[in-house]
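An overview of the molecular structure
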Amino acid sequence: MGNKFRLIARQSQKNPHDFSLILAICVPKSNQLFLLRRYNGNSHEHTNHIEGNTFSGFHIHTATERYQERGEKEETYAEKTDRYSDFDGALNCFIADANLIDPSNAQRDLFAPEAGNVH
(Lines give C-alpha, C1' and ligand atoms only; values in the text may rest on other atoms or scores of the structure.)
Protein backbone atom coordinates (compact mmCIF):
# COMPACT_ATOMS: atom_id res chain seq x y z
CA MET A 1 0.00 0.00 0.00
CA GLY A 2 1.36 3.41 -0.96
CA ASN A 3 1.42 6.67 0.91
CA LYS A 4 -1.74 8.68 1.38
CA PHE A 5 -1.71 12.41 0.83
CA ARG A 6 -4.16 15.15 1.66
CA LEU A 7 -4.83 18.40 -0.15
CA ILE A 8 -6.13 21.11 2.19
CA ALA A 9 -7.48 24.32 0.72
CA ARG A 10 -8.94 27.38 2.42
CA GLN A 11 -9.73 30.91 1.29
CA SER A 12 -11.19 33.77 3.30
CA GLN A 13 -14.57 35.00 2.16
CA LYS A 14 -13.61 38.54 3.19
CA ASN A 15 -10.11 38.72 1.70
CA PRO A 16 -9.44 36.73 -1.51
CA HIS A 17 -5.67 37.04 -0.93
CA ASP A 18 -5.92 35.27 2.44
CA PHE A 19 -5.59 31.63 1.40
CA SER A 20 -3.54 28.48 1.87
CA LEU A 21 -3.15 25.37 -0.27
CA ILE A 22 -1.41 22.58 1.61
CA LEU A 23 0.06 19.27 0.48
CA ALA A 24 0.36 16.90 3.43
CA ILE A 25 1.27 13.27 3.82
CA CYS A 26 -0.79 11.17 6.22
CA VAL A 27 1.60 9.71 8.79
CA PRO A 28 1.04 5.93 8.87
CA LYS A 29 -0.70 4.46 11.94
CA SER A 30 -1.61 7.90 13.32
CA ASN A 31 -4.02 10.73 12.78
CA GLN A 32 -1.14 13.15 12.15
CA LEU A 33 -0.37 15.05 8.97
CA PHE A 34 3.12 16.08 7.89
CA LEU A 35 2.91 19.29 5.85
CA LEU A 36 5.20 19.13 2.82
CA ARG A 37 4.28 22.35 1.00
CA ARG A 38 2.00 25.31 1.67
CA TYR A 39 1.10 27.95 -0.91
CA ASN A 40 0.00 31.15 0.82
CA GLY A 41 -1.63 34.35 -0.31
CA ASN A 42 -0.22 37.80 0.37
CA SER A 43 -2.39 38.66 3.37
CA HIS A 44 0.44 38.65 5.93
CA GLU A 45 4.17 38.98 6.49
CA HIS A 46 6.38 35.93 6.89
CA THR A 47 9.67 35.62 8.78
CA ASN A 48 12.27 32.89 8.27
CA HIS A 49 13.82 32.74 11.74
CA ILE A 50 17.09 31.03 10.79
CA GLU A 51 17.77 33.33 7.85
CA GLY A 52 16.43 36.37 9.69
CA ASN A 53 14.50 37.72 6.70
CA THR A 54 10.94 39.05 6.72
CA PHE A 55 8.88 39.66 3.62
CA SER A 56 5.32 40.14 2.48
CA GLY A 57 3.65 38.85 -0.64
CA PHE A 58 2.68 35.50 -2.06
CA HIS A 59 4.95 32.76 -0.76
CA ILE A 60 5.53 29.02 -0.71
CA HIS A 61 6.43 27.10 2.46
CA THR A 62 8.53 23.95 2.22
CA ALA A 63 9.26 21.29 4.84
CA THR A 64 12.91 21.45 5.90
CA GLU A 65 15.02 19.42 8.28
CA ARG A 66 16.72 22.56 9.63
CA TYR A 67 13.52 24.02 11.03
CA GLN A 68 12.38 20.68 12.45
CA GLU A 69 15.69 20.31 14.28
CA ARG A 70 14.94 23.66 15.96
CA GLY A 71 11.56 22.35 17.11
CA GLU A 72 9.58 24.48 14.67
CA LYS A 73 6.83 23.31 12.34
CA GLU A 74 8.14 21.29 9.43
CA GLU A 75 6.98 23.83 6.81
CA THR A 76 8.16 26.99 8.60
CA TYR A 77 10.64 28.02 5.89
CA ALA A 78 9.12 29.98 2.98
CA GLU A 79 10.22 31.77 -0.17
CA LYS A 80 8.49 34.68 -1.84
CA THR A 81 7.09 33.90 -5.29
CA ASP A 82 5.75 35.74 -8.30
CA ARG A 83 4.47 32.52 -9.91
CA TYR A 84 0.89 33.26 -8.85
CA SER A 85 -1.21 36.25 -7.85
CA ASP A 86 -4.46 34.63 -6.72
CA PHE A 87 -5.96 31.39 -5.44
CA ASP A 88 -6.48 29.85 -8.90
CA GLY A 89 -2.91 30.64 -9.90
CA ALA A 90 -1.62 29.11 -6.67
CA LEU A 91 -3.68 25.99 -7.34
CA ASN A 92 -2.15 25.69 -10.83
CA CYS A 93 1.37 26.01 -9.34
CA PHE A 94 0.49 23.49 -6.66
CA ILE A 95 -0.76 20.98 -9.24
CA ALA A 96 2.34 21.47 -11.42
CA ASP A 97 4.84 21.32 -8.54
CA ALA A 98 3.28 18.21 -7.00
CA ASN A 99 2.95 16.58 -10.44
CA LEU A 100 -0.75 15.98 -9.81
CA ILE A 101 -3.36 15.13 -12.37
CA ASP A 102 -6.02 17.83 -12.42
CA PRO A 103 -9.28 15.88 -11.95
CA SER A 104 -11.09 18.28 -14.27
CA ASN A 105 -8.75 17.19 -17.08
CA ALA A 106 -8.60 13.50 -16.18
CA GLN A 107 -9.78 10.83 -18.60
CA ARG A 108 -11.95 9.23 -15.90
CA ASP A 109 -13.79 10.42 -12.83
CA LEU A 110 -11.31 10.06 -9.94
CA PHE A 111 -14.14 10.38 -7.44
CA ALA A 112 -16.26 7.56 -8.84
CA PRO A 113 -16.61 4.52 -6.52
CA GLU A 114 -14.77 2.23 -8.94
CA ALA A 115 -11.73 4.54 -8.88
CA GLY A 116 -10.87 3.27 -5.40
CA ASN A 117 -10.14 5.10 -2.19
CA VAL A 118 -9.25 8.76 -2.61
CA HIS A 119 -7.91 10.68 0.37
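Residues numbered from 1 in each chain as written. Predicted model: local features only at pLDDT ≥ 70, side-chain atom pairs only at ≥ 80, totals over all residues. Heavy atoms only, no water.

Here the focus is the pattern of salt bridges. Counting across every chain of the model gives 6 salt bridges. Where Asp97 meets Arg37, a salt bridge forms, and the shortest distance between an N and an O atom there is 3.3 Å. Remark: Arg37 occurs in strand S3 (residues 33-40) and Asp97 occurs in helix H2 (residues 87-97); sequence separation between them is 60 residues. Looking at Asp97, the relative accessible area reads 35%, which means it is partly exposed. Its relative accessible area of 25% is what places Arg37 among the partly exposed residues. Across the pair Glu75 and Arg38 runs a salt bridge whose closest N-O atoms are separated by 2.9 Å. Remark: Arg38 occurs in strand S3 and Glu75 occurs in the loop between helix H1 (65-69) and strand S7 (78-80); sequence separation between them is 37 residues. (Salt bridge = Lys/Arg side-chain N within 4 Å of Asp/Glu carboxyl O. Helix = DSSP H or I, 4+ residues; strand = E, 2+ residues; numbered from the N terminus. Buried < 20%, exposed > 50% of the residue type's maximum accessible area, 1.4 Å probe, protein only.)

We now examine the side chain of Thr76. Positionally, Thr76 belongs in the loop between H1 and S7. When neighbours within four sequence positions are excluded, Thr76 is seen to be in contact with His46, Asn48, His49, His61 and Tyr67. (Contact = heavy atoms within 4.5 Å.)

Consecutive side chains along a regular strand alternate between the two faces of the sheet. For strand S2 (residues 19-26), the buried fraction is high: 8 of the 8 residues fall into the buried class. Of the pairings in the sheet, the one linking strand S1 (residues 5-11) to S2 comprises 7 bridges and is antiparallel in character. Of the residues in S2, the one forming a bridge with Arg6 is Ala24. Inspection of the sheet shows S2 paired to S3 by 7 bridges, in the antiparallel sense. Counterpart to Leu23 in the pairing with S3 is Arg37. Adjacent in sequence and paired antiparallel, S2 and S3 are bridged by 6 residues, among which Lys29 carries a positive phi angle near 60 degrees. (Pairing = 2+ DSSP bridges.)

This brings us to the sheet that holds strand S6 (residues 59-62). Each strand in a sheet pairs with its neighbour through backbone hydrogen bonds, running either in the same direction (parallel) or in the opposite one (antiparallel). Spatially, S1-S2-S3-S6-S7 is the arrangement adopted by the 5 strands of the open sheet, whose pairing is antiparallel. Across the chains shown, the open sheet's two edge strands, defined by having one partner strand only, are S1 and S7. Pairwise comparison of adjacent strand axes, ignoring direction, gives a mean angle of 20 degrees for this sheet. Here S3 runs beside S6; their pairing, made up of 4 bridges, is antiparallel. The partner of Tyr39 across the bridge, within S6, is Ile60. (Axes fitted to C-alpha atoms, helices over the stretch in contact; angles between N-to-C directions.)

With the rule as written, the count across this model stands at 7 aromatic pairs. In textbook terms, an aromatic cluster arises when at least three aromatic residues are bridged by ring pairs, as seen for Phe19, Tyr39, Phe58, Tyr84, Phe87 and Phe94. (Phe/Tyr/Trp six-rings, centres within 6.5 Å; stacked < 30°, edge-to-face > 60°.)

So, about the confidence of the model for the protein. Per-residue confidence for the protein averages 88 on the pLDDT scale, and 84% of its residues sit at or above 70. For the stretch residues 115-119, pLDDT sits under 50, and the model shows 8 contacts to residues farther than four places along the chain or on other chains. (pLDDT = per-residue confidence, 0-100.)

Of all hydrophobic cores here, the largest spans 11 residues; its members are Phe19, Leu21, Leu23, Tyr39, Phe58, Ile60, Tyr84, Phe87, Ala90, Cys93 and Phe94. Elements supplying a minimum of two residues to this core: S2 and H2. At 4 residues, H2 tops the list of elements feeding residues into this core. (Core = buried A, V, L, I, M, F, W, Y, C linked by side-chain atoms within 4.5 Å.)

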